[in-house]
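Reading the structure
This is what each chain is made of:
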Amino acid sequence: MTTTTQPDRRTTEPAPSPLVGWLAVVSVMLGIFAIVTTEILPIGLLTPIASTFHVSDGTAGLMMTMPGFLAAVAAPTLTIATARVDRRLMLAVLMALLALANFLAAAAPGFWLVLVSRVMVGITIGGFWSIGAGLAERLVPATAVPRATAVIFTAVPLGSVLGVPAGTFIGDHAGWRTAFVAMGALTAVALTLLLVLLPPLPARQATHLAVLRATVRGTDTRYGLAVTFLIVLAHFGTYTYVTPFLQQVTHLRPDTVTLFLLAYGTAGILGNLLGGAFVARHPRGTFAVAATLLAAAALLLPVLGSDPAAALVLLLAWGLAYGSVPVCSQTWFVTSAPGAPEAASVVFTTSFQATLSLGALVGGLVIDRTSPSTVMTLGGVTALLMVATAGIHRARRPGWSTRP
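These notes cover the structure that comes with them.

Side note on helix H14 (residues 283-304)
Taking 1.5 Å of rise per residue, 22 residues should cover 32 Å, and H14 covers 31 Å from first to last C-alpha, within 8% of that figure. Burial in H14 covers these residues: Pro-283, Arg-284, Thr-286, Phe-287, Ala-288, Ala-290, Ala-291, Leu-294, Ala-295, Ala-297, Ala-298 and Leu-301. Buried residues belonging to H14 abut helix H11 (219-239), helix H12 (242-248), helix H13 (254-278), helix H15 (308-323), helix H16 (325-336) and helix H18 (372-396).

Shown next, in the form of structure tokens:
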């Protein structure tokens, strides 16, 4: 693997005060929160948006499919093309693009313009994640980098806990367009904080395409791609359509669906904390346990999900399981390529987002032809395939761990 490295600027860049550094970390976290919430906001608004434009739930699921595919392309493309551009400037431009996308969706006269806005969301996801996820070491002292990184990634479960239920609540009471206006306003706040709190961040290192190719050729990275593909496919192929399931099978009112999604997101925060605590010592085991629990929840929902209490318990188990998936997947990739952390981050972002889109697309095709229960069953089976793949990796690489 080769990288083109500029002189290390850590000795010439002025070190921010601890307070300023942590405020900068929070601004990046808020930016990622806005991105995550915008990306998955349609999950809670799928039915009213589909009704407004007279499209099926499966077609409306394209709002989840398109951003992921664009993010998968944007992550390596923007990383390579803008490697020498100040990272603060890049984050600000991408956040402005996200704000515009939200306002455009809110004003869209037709579904086609909503999809255009989702293309803009995808570009933002790919670029911001690839840059922002690794900025902690430039904002806080070395001893605080692990905690700062954890704060940044807290935005992922918070997007499920606060963002989606809040957006769904606003959509139920003021219309789905108002929910996108609110997201546009929040994104504008995040943009302002990034401009005010982030210091100049000139580029340090340019990662070439050869680095990405070498990273993907690694055996552990390829297994990481396989397990990430299966578990993310299982999750987003089902969770994208959890609102139709809860309304059609569990027969919940829209306001109750909001509460169920809030409970799911809360369990996701706990899963994120537990996953982060165990993944360092038991990377494959933690990942496999999460996939097994997710599979059980998805497979049991068609059987028990007509009862609201049972559906709630299964959603809590699902949230607990999926909450640990991003940290497990990212840890797998970073460990597989310890000499190229930026390349590993790009591979993680690309694989995760591409599979997210494929899952939403496949789930949409299935739900339009069958039922929400069938979607859940197929997702559960796919999650079990991930467990089997992780077991094969364990058998072939018994000494592999996250330790350097």
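Observations concerning empty space enclosed by the protein
Tallied over the entire structure, the rule returns 2 cavities of 30 Å³ or more. Computed from the structure, the largest cavity encloses a volume of approximately 350 Å³. Lining the largest cavity are 23 residues; nearest its centre among them are Val-36, Val-156, Tyr-322, Pro-326 and Phe-352. Counting only elements with at least two residues in the lining of the largest cavity, the list comes to helix H1 (18-53), helix H8 (155-174), H11, H13, H15 and helix H17 (341-369). Considering each element in turn, the lining of the largest cavity owes the most residues, 5 residues, to H17. A breakdown of the residues in the lining of the largest cavity according to their chemical character gives 14 nonpolar, 8 polar and 1 charged.

Focus on the side chain of Thr-355
Looking at the element boundaries, Thr-355 is found in helix H17. The residues touching Thr-355, leaving out its near neighbours within four places in the chain, are Thr-228, Phe-229, Val-232 and Leu-233.

What about the nonpolar core?
With 115 residues, the main nonpolar core has Val-28, Met-95, Phe-128, Trp-129, Leu-139, Ile-231 and Trp-318 as its most contacted residues. The dominant element in this core, judged by the number of residues it contributes, is H1, at 18 residues. Core analysis: the next-biggest nonpolar cluster, separate from the first, contains 5 residues, Ala-75, Val-211, Leu-212 and Ala-343 among them.

Digging into the packing of helix H4 (residues 87-107) against helix H5 (residues 111-132)
Relative orientation of the contacting elements H4 and H5 amounts to 160°, with a least axis distance of 8 Å. The orientation of H4 with respect to H5, classified from their angle, is roughly antiparallel. Once H4 is placed against H5, the crossing between them reads as left-handed. For the pair H4 and H5, contact is made by Arg-87, Met-90, Leu-91, Leu-94, Met-95, Leu-97, Leu-98, Leu-100, Ala-101, Leu-104 and Ala-105 and by Leu-113, Val-114, Val-116, Ser-117, Met-120, Val-121, Ile-123, Thr-124, Gly-127, Phe-128, Ile-131 and Gly-132, respectively. For the contact of H4 with H5, the residue count by class is 18 nonpolar, 4 polar and 1 charged.

A look at the packing of H1 against H4
The angle between the axes and the distance between the axes are what describe a pair of packed helices. At a closest axis distance of 11 Å, the pairing of H1 and H4 adopts a crossing angle of 35°. Along this stretch, H1 crosses H4, giving a crossing that reads as left-handed. Touching Gly-31, Ala-34, Ile-35 and Thr-38 of H1 are Met-95, Leu-98 and Asn-102, all from H4. Broken down by class, the residue content of the contact of H1 with H4 amounts to 4 nonpolar, 3 polar and no charged.

Here's the deal with the side chain of Ser-329
The residue Ser-329 is located in helix H16 in this model. A polar contact is formed between the side chain of Ser-329 and the side chain of Thr-228, at a distance of 2.8 Å. Ignoring any residue separated from it by four or fewer positions in sequence, one finds Ser-329 in contact with Thr-228, Phe-287 and Phe-348.

A closer look at the pattern of salt bridges
The full count for this structure, using the stated rule, is 1 salt bridge. Here Arg-253 and Asp-255 are joined by a salt bridge, their closest N and O atoms 3.6 Å apart. Arg-253 gets classed as exposed once you look at its relative accessible area, which sits at 56%. For Asp-255, a relative accessible area of 37% corresponds to the partly exposed category.

Reading the values: the criteria
All residue numbers refer to positions counted from 1 along the written sequence of the respective chain. In keeping with the model being predicted, local features are shown solely for residues with a pLDDT of at least 70 and side-chain atom pairs are shown and tallied solely at 80 or more, while totals for entire chains, interfaces and linings include all residues. Only hydrogens and water are set aside; all other atoms, that is, all heavy atoms of the structure, feed into the side-chain values. Strands are runs of DSSP state E lasting at least two residues, helices are runs of H or I lasting at least four, and both sets are numbered from the N terminus onward. One fewer than the residue count of a helix, multiplied by 1.5 Å, yields its expected span. We call a residue buried when its accessible area falls under 20% of the maximum for its residue type, exposed when it is over 50%, and partly exposed in between, using a 1.4 Å probe and counting protein chains only. Residue contacts follow a heavy-atom distance rule, with two residues in contact if any of their heavy atoms lie within 4.5 Å. Residues are called lining when one of their atoms sits within 4 Å of a cavity or pocket point, these points coming from a 1 Å grid over the protein atoms alone, where a cavity is a set in which a 1.4 Å probe fits but cannot get out and a pocket is an open set with protein on both sides within 12 Å along at least five of seven lines. Grid points are joined across faces, edges and corners, and a volume is the space filled by probe spheres set on the points. Under the convention adopted here, Pro, Cys and the residues Ala, Val, Leu, Ile, Met, Phe, Trp and Tyr are nonpolar, Asp, Glu, Lys and Arg are charged, and Gly plus all remaining residues are polar. In this description, a nonpolar core means a group of buried Ala, Val, Leu, Ile, Met, Phe, Trp, Tyr and Cys residues linked to one another through side-chain atoms lying within 4.5 Å. Axis definition: a line fitted to C-alpha atoms, limited for helices to the stretch in contact. Angles are taken between N-to-C directions and run from 0 to 180 degrees. If an angle is under 35 degrees, it is roughly parallel; if it is over 145, roughly antiparallel; if it lies from 65 to 115, roughly perpendicular; otherwise it is oblique. Crossing chirality is assigned from the near helix's rotation relative to the far helix, an anticlockwise turn below a right angle marking it left-handed and a clockwise turn marking it right-handed. Here a polar contact is recorded for every N or O atom pair within 3.5 Å, except that within protein the pair must consist of a potential hydrogen donor and a potential acceptor, and residues adjacent in sequence are included only if both atoms are side-chain atoms. Any Lys or Arg side-chain nitrogen located within 4 Å of an Asp or Glu carboxyl oxygen qualifies as a salt bridge.

Nothing here speaks to function; it is all geometry.
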